[in-house]
Amino acid sequence: MAHNFRTDLAIDWCPGCGDFGILTSMIQALGEMNYGPQDAVVISGIGCSGKTPHYVNLAGAHTLHGRGIPFATGVKLANPKLKVLVTGGDGDLLSIGAGHFVAEGRRNTGLTIILFDNEVYGLTKGQASPTMPLGMQTKSLSKPNVYNRVNPVAMALAAGYSFVARGFSFDTKQLKEIIKRGLMNDGSSLIDVLQPCPTYNNINTMEFYRQRVYKLEDDKSWDPIITESTKDPMEKYKLANSKALEWDEKIPTGIFMENRTIPSFTRRLNEYIPNYLTSPPATQAISDSKGYTIVDPVRTFADKIV
Amino acid sequence: MTKLDVNVIIGGPQGGGIDTSANLMSRAFAFSGFDIFSTREFHSNIKGRHSYVHIRARDTKVQGLKYPPDILVALDPDTIFEHFEDIGKGTKVIYDSSFATSELSQARMIMRDTASRIKSVLDENKLENNVNGMLEYMKSHGGILFPIPFEEIVRKAVDDGVPNRYYNTLGAAITLSIIGIELESTKEAIKHIFGGKEKVIAPNLKVVDEAYKYAQDNKLAGESAGKNAKLSQFLLTGNDGAAIGKLMGGLRFQTYYPITPASDESSILEEHEAVKWLSGEAETLGSGGVTIVQTEDEISAVVMAAGAAMTGTRSATATSGPGFSLMAEGISFAGMDEIPLVITLYQRGGPSTGLPTRNGQSDLLFALNTGHGEFPRIVLSSGDVRECIYDSIKALNYAQRYQLPVLHLIDKNLANTTELVDGIDVKKEKIYGRNEPDGNGIYKRYSLDTKDGVSAMGSYGKNIFWLTGDEHDELGHVTEDTVMREAQMEKRFRKVKVAAAEIPVEEKAVIYGDKNAKITIVTWGSQKGPAIEAAEILSKQGINCRILYLRMFMPFPSEFVEKELRAGQTNIIVESNMLGQAAQVIRMNTGVDISNRILKYNGRHVTVDELVDGVKRIVQGKEKEVVLKNGA
Ligand SMILES: Cc1ncc(C[n+]2csc(CCOP(=O)(O)OP(=O)(O)O)c2C)c(N)n1
Ligand code: SF4
Ligand SMILES: [Mg+2]
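Residues numbered from 1 in each chain as written. Chains lettered and ligands numbered in written order. Predicted model: local features only at pLDDT ≥ 70, side-chain atom pairs only at ≥ 80, totals over all residues. Heavy atoms only, no water.

A. Seen up close, the overall build of chain A. Scanning chain A for helices and strands turns up 11 helices and 11 strands. Relative to the 2.2 N^0.38 estimate, which gives 19 Å for 306 residues, the radius of gyration of chain A is 21 Å and therefore close to what a compact globule would have. Counting only C-alpha atoms, chain A reaches 70 × 50 × 45 Å along its principal axes. Relative to its 306 residues, chain A shows a buried fraction of 60%. In chain A, the share of contacts with a sequence separation of at least 24, taken over all contacts with a separation of at least 6, comes to 70%. With 32 positive and 30 negative side-chain charges, chain A shows a spacing of 2 Å between the two charge centroids. (Helix = DSSP H or I, 4+ residues; strand = E, 2+ residues; numbered from the N terminus. Rg over C-alpha atoms; globule rule 2.2 N^0.38 Å. Buried < 20%, exposed > 50% of the residue type's maximum accessible area, 1.4 Å probe, protein only. Contact = heavy atoms within 4.5 Å. Lys, Arg positive; Asp, Glu negative; His and termini not counted. Charge placed at Lys NZ, Arg CZ, Asp CG, Glu CD.)

B. Spatial organisation of the site of ligand 2. Taken together, the residues surrounding ligand 2 are W13, C14, C17, C48, N118, Q195, C197, P198, T199 and Y200 of chain A. For the shell around ligand 2, the residue count by class is 7 nonpolar, 3 polar and no charged. (Near = heavy atom within 4 Å. Nonpolar A, V, L, I, M, F, W, Y, C, P; charged D, E, K, R; others polar.)

C. Just the pattern of salt bridges, in detail. Residue and element names in this part refer to chain A. The tally for this structure, following the rule as stated, stands at 54 salt bridges over all chains. In this structure, E32 and K180 form a salt bridge, with 2.6 Å as the shortest nitrogen-oxygen distance. Here E32, found in helix α1 (residues 19-32), pairs with K180, found in helix α7 (residues 172-184); they are 148 residues apart in sequence, far enough to count as distant. (Salt bridge = Lys/Arg side-chain N within 4 Å of Asp/Glu carboxyl O.)

D. Representation of the pairing of strand β8 (residues 251-256) of chain B within the structure. All names here are of chain B. Where burial is concerned, most of β8 is hidden: 6 out of the 6 residues are buried. When β8 meets strand β10 (residues 314-320), the two strands line up parallel, connected through 4 bridges. Looking at the pairing, F253 lines up with S315 of β10. (Pairing = 2+ DSSP bridges.)

E. Seen up close, the coordination of the magnesium ion (ligand 3). Protein coordination of the magnesium ion (ligand 3) is provided by D90 of chain A (OD), N118 of chain A (OD1) and V120 of chain A (O), with donor distances spanning 2.2 Å. Mapped onto the sequence, the donors of the magnesium ion (ligand 3) take the spacing D-x27-N-x1-V. (Donors = N, O, S within 2.8 Å, 3.2 Å for Na, K, Ca; no water.)

F. Summary view of unusual backbone geometry. Residues and elements named next belong to chain B. For the bond from T260 to P261, the omega torsion is -5 degrees, close enough to zero to count as cis. Structurally, the position occupied by P261 is in the loop between β8 and α10 (263-271). The omega angle of the peptide bond from M554 to P555 is -5 degrees, so this bond is cis rather than trans. For P555, the location among the structural elements is in the loop between β19 (552-554) and α20 (558-567). Phi at S352 takes a positive value of approximately 50 degrees, unusual for a residue other than glycine.

G. Main features of a nonpolar patch on the surface. Together, M578, L579 and Y601 of chain B make up a nonpolar patch on the protein surface, roughly 320 Å² of accessible area in all. By the element assignment, L579 of chain B lies in the loop between β20 (570-575) and α21 (581-590). (Patch = residues over 30% accessible without salt bridge, like charges linked within 9 Å, V, L, I, M, F, W, Y side chains within 5 Å. Areas by Shrake-Rupley, 256 points an atom, 1.4 Å probe, with all protein chains shown as cover.)

H. Quick look at α7 of chain A. With 13 residues, α7 of chain A extends 18 Å between its outermost C-alpha atoms, agreeing within 8% with the 18 Å of an ideal straight helix rising 1.5 Å per residue. Of the positions making up α7 of chain A, those classed as buried are Q174, L175, K176, I178, I179, K180, G182 and L183 of chain A. (Expected span 1.5 Å × (residues − 1).)

I. Representation of the sheet that holds strand β5 (residues 92-96) of chain B. All names here are of chain B. Pairing is mixed in the open sheet, where 8 strands are placed in the order β6-β5-β4-β1-β3-β2-β14-β7. This sheet does not close on itself; its edge strands, each paired only once, are β6 (144-148) and β7 (234-237). The average undirected angle you get between the axes of adjacent strands in this sheet is 20 degrees. (Axes fitted to C-alpha atoms, helices over the stretch in contact; angles between N-to-C directions.)

J. How the structure looks around the interface of chain B and chain A. Tallying the contact residues gives 76 residues for chain B and 66 residues for chain A. The junction of chain B with chain A conceals about 5900 Å² of combined surface from both sides, 65% of it contributed by carbon and sulfur atoms. Where chain B packs against chain A, one counts 2 salt bridges. Note that D240 of chain B and K304 of chain A form a salt bridge whose closest N and O atoms lie 3.1 Å from each other. Along the contact surface separating chain B from chain A lie 30 residue pairs in polar contact (both at pLDDT 80 or more). In terms of residues, the side of chain B that touches chain A owes the most to one element, helix α12 (residues 298-309) of chain B, which gives 7 residues. Across the side of chain B that touches chain A, the residue classes break down as 38 nonpolar, 21 polar and 17 charged. As judged from the 3 bridges shared by strand β2 (residues 59-62) of chain A and strand β15 (residues 466-468) of chain B, these two strands associate in the parallel manner. Considered in β15 of chain B, the bridge of G60 of chain A is made with W466 of chain B. (Buried area = accessible area lost by both parts, 1.4 Å probe. Polar contact = N/O pair within 3.5 Å; in protein donor to acceptor, adjacent residues only side chain to side chain.)

K. Representation of the packing of aromatic side chains in the model. Summed over all chains, the structure comprises 15 aromatic pairs over all chains. Measuring from centroid to centroid gives 5.8 Å for F168 of chain A and F170 of chain A, while their planes differ by 55 degrees, and the two rings are tilted. Relative accessible area serves as the criterion here: at 4%, F168 of chain A is assigned to the buried category. According to the relative accessible area criterion, F170 of chain A is partly exposed, its value standing at 31%. Look at Y460 of chain B and F465 of chain B: their rings are 5.1 Å apart centre to centre, the planes differ by 0 degrees, and that puts the pair in the stacked class. Taken together through their ring pairs, the aromatic side chains of F71 of chain A together with F333, Y443, Y460 and F465 of chain B make up a single cluster. One residue, K427 of chain B, lies across the ring of Y292 of chain A, its end atom 5.1 Å from the ring centre. (Phe/Tyr/Trp six-rings, centres within 6.5 Å; stacked < 30°, edge-to-face > 60°. Lys NZ or Arg CZ within 6 Å of the ring centre and 35° of its normal.)

L. Spotlight on α1 of chain A. Residues and elements named next belong to chain A. Taking 1.5 Å per residue as the helical rise, α1 with its 14 residues ought to reach 20 Å, and the 20 Å between its terminal C-alpha atoms agrees with that figure. What α1 keeps buried is the set D19, G21, I22, L23, S25, M26, I27, A29 and L30. The inward-facing, buried residues of α1 contact β1 (40-44), α2 (52-55), β3 (83-89), β4 (111-117), α7 and β8 (189-194). One or two steps after α1, the chain reaches N34, where phi turns positive at roughly 60 degrees.

M. Inspection of the packing of helix α3 (residues 68-78) of chain A against helix α5 (residues 98-107) of chain A at higher detail. Orientation of α3 of chain A relative to α5 of chain A, taken along the N-to-C sense of each, is 35 degrees, at an axis distance of 9 Å. Facing I69, P70 and T73 of chain A of α3 of chain A, the residues of α5 of chain A in contact are H100, F101, E104 and R107 of chain A.

N. A look at the site of ligand 1. Around ligand 1 there are 17 residues in total, and C48, S49, D90, D92 and G122 of chain A lie nearest to it. In this structure, ligand 1 sits where chains A and B come together, each supplying nearby residues. D92 of chain A is positioned with one of its backbone polar atoms (N or O) 2.7 Å from an oxygen atom of ligand 1. A distance of 3.0 Å is found between an oxygen atom of ligand 1 and a backbone nitrogen or oxygen belonging to L123 of chain A. Notes on ligand 1: free accessible area 580 Å², of which the protein chains cover 77%. Elements represented by at least two residues in the shell around ligand 1 include exactly α4 (90-96) and β5 (120-121) of chain A. Among the elements that line the shell around ligand 1, the one with the most residues is α4 of chain A, at 4 residues. In terms of residue class, the shell around ligand 1 is made up of 6 nonpolar, 8 polar and 3 charged.

O. Spatial organisation of the sheet that holds strand β16 (residues 509-513) of chain B. Residue and element names in this part refer to chain B. The mixed open sheet is built from 6 strands, whose spatial order is β16-β18-β17-β20-β21-β22. Bordering the open sheet on either side are β16 and β22 (625-627), each of which pairs with just one other strand. Across the sheet, the mean angle from the axis of one strand to that of its neighbour is 20 degrees, orientation sign disregarded. Where strand β17 (residues 519-524) lies against β20, 5 bridges are found, and the strand directions are parallel. Following the sheet pairing, T523 is matched in β20 by V574.

P. Looking closely at the side chain of S21 of chain B. Residue and element names in this part refer to chain B. Checked against the element boundaries, S21 lands in helix α1 (residues 18-31). Judged by its relative accessible area of 0%, S21 is buried. One polar contact links the side chain of S21 to the main-chain carbonyl oxygen of N168, over a distance of 3.2 Å. Setting aside residues up to four positions removed in sequence, S21 forms contacts with I10, L75, N168 and A172.

Q. Structural context of the side chain of R67 of chain A. By secondary structure assignment, the location of R67 of chain A is in the loop between β2 and α3. Despite being buried, R67 of chain A has no salt bridge partner; E329 of chain B is the closest side chain of opposite charge, sitting 4.4 Å away. Here H65 of chain A takes part through its backbone oxygen, which lies 3.5 Å from a polar atom of the side chain of R67 of chain A. When near neighbours in sequence (up to four residues on either side) are disregarded, R67 of chain A contacts I96, G97 and H100 of chain A together with I299, V303 and E329 of chain B.

Written out as structure tokens, the structure reads:
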């Protein structure tokens, strides 16, 4: 029998929240990937978005504000066979957790990061988040935003993520496919999801996005994949970047870039640490049948002997 | 067995090969069968500023350093200036005779405050503001000068143009010959430190020969100190000890963000990532290595280690004051979510960046209280290199047994102390098996059906469970229910009571010396060795005292400490901080107020002699509080 990926917990997001669509897409993607109950884990930070792991019937962690990525990295590096998903808000991943967001691009550990992009801090009642443009004033703000915005897609491309995409929470069919592709990527995937927050953000509504989004894949010539045999990878990277900068009138969704030539962090470690991928930290024996250590300090630290 | 007890300070510019001299001397002593103990003092600087190694060699066990040194070896003029206060009657000052006219004003790498103190001493004594002036000053304080023509000796030995590249070897070799260490041991040491590099070994051996010859010809060479049987031993720092212990204790994942004096431990682990297994059964079980990850910051380091821990991997991180401050929220999270996690906290002089490369013990109260909210933790501390090894195994065990953050304190002085360790016992500590779910029914990570407060810990990849920094129910889902909240709080704190009862008292506090002595010196961390020796010396002088040495601060051995301190008439606390933090912990837990305090907060290591002196001043009723000042 196929695993039921939904828990029976009551979901406490506001009615009409874009988070529901993301959850649905995730659940469908996990099902279609045919994962067993022990194959994947879902890790989050704190925020409305941070509640997601509790709604998914997989092992999960709802960690600290901004710290989903480092926790998930620890899980993945200790047990690389696990598929590790991260759900985080725009405040969580791009403000308090921004350092981890950038570092993860450099690592390319193999996480599937889903960014709940609602341009506000939902759970703390609607303050401006890092993706809200300068001068914008939602109903939750007492004056227009005095910060400028960062562009998560461009930032992910610059940081080095090997898979960068954008979805829309009210297009679950497309989002599900993007998540599946992200899960199949060996390195880390960043999926920016346009997620209306009807409670605090009266500007970036479902209608706002419906009028603007278009799918990159609708252009039949769009090919975001870079492999060893790609003739001009830099050209593709440039194109992805220029698409990433489109906003205002028309907002692209779909896959901006999938670079299969960047080795994942786990593969990099495997080059140096003996048998890392076949005997990762989580599966190693640490004691013998009598409970004593199996490490030989004399041979391991022979250089310290006089 | 021949007699030997010698203290040497060898100084030179940071990055100028002072470690080579120190390594050469330690090994030469070791190859002659003597015990050694040394520590390294250096600035937060890569090249140029004054750095020195204080080393002591002895025919019997040595566990502390003494002032004034018997020998001061200056590999640069700065050393002579910097150590102006360290000369006692008979201290031999060995230096390059070409330093004599070096001006203090040219010693730009001496910190301005230090230079001005040096200047005023020279001026007060109407001495020239140069090395000659300082040497005069040293002579008037009992110093015996040994000007050595460094360049001339090296040129006799080798002719490859850059004589000063051999000054480290020469300085060490001259010193060793003056002490009476046999030439063979020194040569063996050269071969050992330059292992296999024939091109380097050959000229260095020539320099050693020439140094010994010079000492002989000029009647400087000491009477032979003889040679004792040499054991096959480890020469280890506190950092090494912690790394070895962690690996033996089953550590397979460690994170770190570079910081002095903690990151050496992670670098050592990384250098030994290809673990070697014991023979027999172990060899069939062992596979893979240890994974060390340099993270983007310490927040990531603590949280990443927590994530790895939840896969069932024994995980840890190591840091120092500033990084530890950043870890506070993560530690609270590990406490709330019952994550087995070891944080090795290398204490240095704070607050803020403080004295980044100097000693301090000012993070004890912080370690006991890091992180918001109330959660259980274990806080233990090591006092010598052996303890660093076995305590690191214990720390990993405690983390698994009680599923909580374990903070293991090691001070900078101990991290940088080098000791000979004869053999490591692979059967001294067992590795606890984790309490794993039995697979029956729905798995509840935070099951309340537990006597000791410890619920079965599943792992990612094997079980489905949740964890959340929010208060949670048995499955690990968020709750704000009043009754569940109380039950989970009580469950978590039950573990502390169990730990307090299960962990033997000798792992928490130990008495050394005469059990019936009426004077008790209470201390912790790297003062352990110096305090034990100080008590021996004092007892011989008729001041009978003993040591109460603290190893664990949470759970605290309240009953034991209260009993021991009430029995004594005079209690003296010795700590490397300003507030007497351990004394505060003792008072908080037992009500016993220790009003006699010997404190040190200049960032340098505590020496045996200043401790002896401090205790005397207190016992003689002269002072209640003594601040120790030794160290350049
Ligand atoms: C260290 C810390 N600071 C502040 C908070 C309070 N806090 C909770 S959620 C949140 C912002 C959430 O915004 P976002 O990450 O965009 O998630 P959303 O709720 O919009 O999904 C903040 C600041 C916290 N939990 N931890
Ligand atoms: S506050 Fe906004 S983001 Fe949070 S649940 Fe409500 S609608 Fe969704
Ligand atoms: Mg948000």
